[in-house]
Amino acid sequence: MAVTKILAKNMRLDRLINYVCNPAKTEERVFVSCIGCERETAAKTWMETKRRYGKTDGVQAYHLIQSFKPDELTPELAHEIGNRFAEEYLDGYEVIVGTHTDRHHIHNHIIFNSVSDRDGTKYHSSRQTYFNEIRTLSDRLCHEYGVSTVDEPQRKALTYIEWRMQKCGVKTHRELFDRDAEECLSLAMDVGSFYARMEDRGYTVRHGSKYPTFLPYGGERSYRVKQKQQSMTEDDLAAYIDRAMCDPTFEVIMPRQQRVHFPRGKITGIRALILAWTYILGLVNDGVKTQYYVSPEELKRFEQLKAQAKYLTDNGIEMTAQLKDRIDALDGRIAALTKERTILNVKKKRQKPLYDALQLVAMYANRDTDAFPLTDEEQGKLKRAHEILQNHSIDILNIERNTLYAELAEVNRDIRALKNERRLCERILAESPQIERKLKPYLTEDRELRKETLEYER
């Protein structure tokens, strides 16, 4: 199964080339091929091509990876497919193909200069070039050589918000809908009862078109019921329910019902508000059915609210006044560190000529002057740098510079952390009235329920 992907690279070309041509990965470079260049001088050749056409900025090279299913082909065949791909797709570009055999799956690394050696055309990678050109050619070559390719249904890409929600373990809107639809389908007697159950959960059912859609209460986007990535028509839903009714082994998914009981204990003030709302969102996110609706927009903030609750608990903050005092204390610490940073920056500015000279001397000392000889201008700069440093110890200057830079980095790090903490406090302070308004009707309902329970027990 051949899988391809392409990456834009802005790193040093020699490092990229050395990685692709690594002897330990390519069986002592047996599986390394070069097109339009020589491995030993490829980095220099590629840069000369860029300078010739005046295109030295931006993306320096592209890195295409072609992976194959384990034990499906030999390194020789994989390398041949990589070379065929480079010759057909990258005609006019300087290319290096390296077949790596150090993993359980053989894979090709195909890197090429972003600027064409033939006419100076700069390659631009896009979604269209990948699917219409790279993926198509790779699949065709694999079919020719009897190698399997990726054959999967097209899936709609996640939005950034949905991706972040999945990454944080929060249910996406689609996942919440799928869970509701699955539960209602397993309990439905027919399509009508399925629609009724979905409406009971706050969905608006629209079934005037081929595919019924469901709009969550307070939502802006409708969803279709899907099975194996395929949308289901009303006939599909009816057939699914009929099969479920006739199959005694078909799983009935019983929805978990639970009233919200707020965390008890001596918790008051702003911390109690945050903890209560976080507790509710946690129940909903885990699939527990509560007695009221929580909008998808609120679920997006689940992880953020958990962080706020943890911060208040860790710092023993319960009342609004305590939070305001915390903000004042943070302002004082930020001001002190800012003053300390100013002193360090003044010292750095005074030493700038010395540090610049140090940097220049070190840079030219590490340069391969045989391959890249110094120009007259560069020799003049180096001479002036040595004159600036002649009455100073380079070792002592290096120690002083490193210490100063380390102190500056630490102060900046502390300031950033304190500012982030201050923003968190301000956010809690600003959002707590909104949370209180959201909780008020449910807190009232919960108190009335407890009152009724006590009267009944009497």
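Structure shown above.
The shown structure was predicted, so the numbers you read here are calculated from the model rather than taken from an experiment. (Residues numbered from 1 in each chain as written. Predicted model: local features only at pLDDT ≥ 70, side-chain atom pairs only at ≥ 80, totals over all residues. Heavy atoms only, no water.)

J.: Help me understand the sheet that holds strand S6 (residues 204–206), please; the structure alone is not making it clear to me.
T.: What holds strands together in a sheet is hydrogen bonding between their backbones, with the strands either parallel or antiparallel. Spatially, the 3 strands line up as an open sheet ordered S6-S7-S8, and their pairing is antiparallel. Two strands in the sheet have a free side with no partner beyond their single neighbour: S6 and strand S8 (223–224). In the sheet, S6 pairs with strand S7 (residues 213–215) via 3 bridges, with the strands oriented antiparallel. Bridging from a neighbouring strand, Arg206 pairs with Thr213 of S7. (Pairing = 2+ DSSP bridges. Helix = DSSP H or I, 4+ residues; strand = E, 2+ residues; numbered from the N terminus.)

J.: What exactly am I supposed to notice about the pattern of salt bridges here?
T.: Scanning all chains against the criterion turns up 15 salt bridges. Close ionic contact of Glu40 with Arg39 constitutes a salt bridge, the shortest N to O distance being 3.1 Å. With a relative accessible area of 59%, Glu40 lands in the exposed category. Using a relative accessible area of 26% as the deciding quantity, one classes Arg39 as partly exposed. Arg84 is the salt-bridge partner of Glu88, the closest N and O atoms lying 2.9 Å from each other. Of this pair, Glu88 and Arg84 both sit in helix H3 (residues 75–89), 4 residues apart, roughly one helical turn. Residue classification places Glu88 among the partly exposed positions, given a relative accessible area of 37%. Each of Arg84, Glu88, Arg140 and Glu144 takes part in a single network of salt bridges with overlapping partners. (Salt bridge = Lys/Arg side-chain N within 4 Å of Asp/Glu carboxyl O. Buried < 20%, exposed > 50% of the residue type's maximum accessible area, 1.4 Å probe, protein only.)

J.: Would you mind showing me how to read a negative patch on the surface here?
T.: A cluster of acidic residues, Glu340, Glu407, Glu410 and Asp414, forms a negative patch at the surface. For the negative patch, the element with the most residues is helix H15 (residues 394–457), which contributes 3 residues. Here Glu407 shows up in helix H15. Take Glu407: its relative accessible area is 37%, and that puts it in the partly exposed class. (Patch = residues over 30% accessible without salt bridge, like charges linked within 9 Å, V, L, I, M, F, W, Y side chains within 5 Å. Areas by Shrake-Rupley, 256 points an atom, 1.4 Å probe, with all protein chains shown as cover. Lys, Arg positive; Asp, Glu negative; His and termini not counted. Charge placed at Lys NZ, Arg CZ, Asp CG, Glu CD.)

J.: Just to check I follow, could you spell out the pairing of strand S3 (residues 61–67) for this structure?
T.: A regular strand places its side chains so that they alternate between the two faces of the sheet. The buried count for S3 comes to 7 of 7 residues, which makes it a mostly enclosed element. Residues Ala61, His63, Ile65 and Ser67 point to one face of S3 and Tyr62, Leu64 and Gln66 to the other, with burial holding for every one of them. With 7 bridges joining them, S3 and strand S5 (residues 107–113) adopt antiparallel strand pairing. Each residue of the ladder has a partner; that of Ile65, found in S5, is His109.

J.: Explain the packing of helix H13 (residues 352–365) against helix H14 (residues 376–389) here, please?
T.: Angle between the axes and distance between the axes are the two parameters that describe a pair of packed helices. Relative orientation of the contacting elements H13 and H14 amounts to 130 degrees, with a least axis distance of 9 Å. On the basis of the axis angle, H13 is oblique to H14. The element H13 and its partner H14 pack so that their crossing is left-handed. Every residue of H14 that contacts H13 at Pro353, Leu354, Ala357, Leu358, Leu360, Val361 and Tyr364 is listed here: Glu378, Lys381, Leu382, Ala385, His386, Ile388 and Leu389. Classifying every residue of the contact of H13 with H14 by side-chain character gives 11 nonpolar, 1 polar and 2 charged. (Axes fitted to C-alpha atoms, helices over the stretch in contact; angles between N-to-C directions. Parallel < 35°, antiparallel > 145°, perpendicular 65-115°, else oblique. Left-handed = near helix turned anticlockwise from the far one by under 90°. Contact = heavy atoms within 4.5 Å. Nonpolar A, V, L, I, M, F, W, Y, C, P; charged D, E, K, R; others polar.)

Interpretation in functional terms is not warranted from these geometric data alone.
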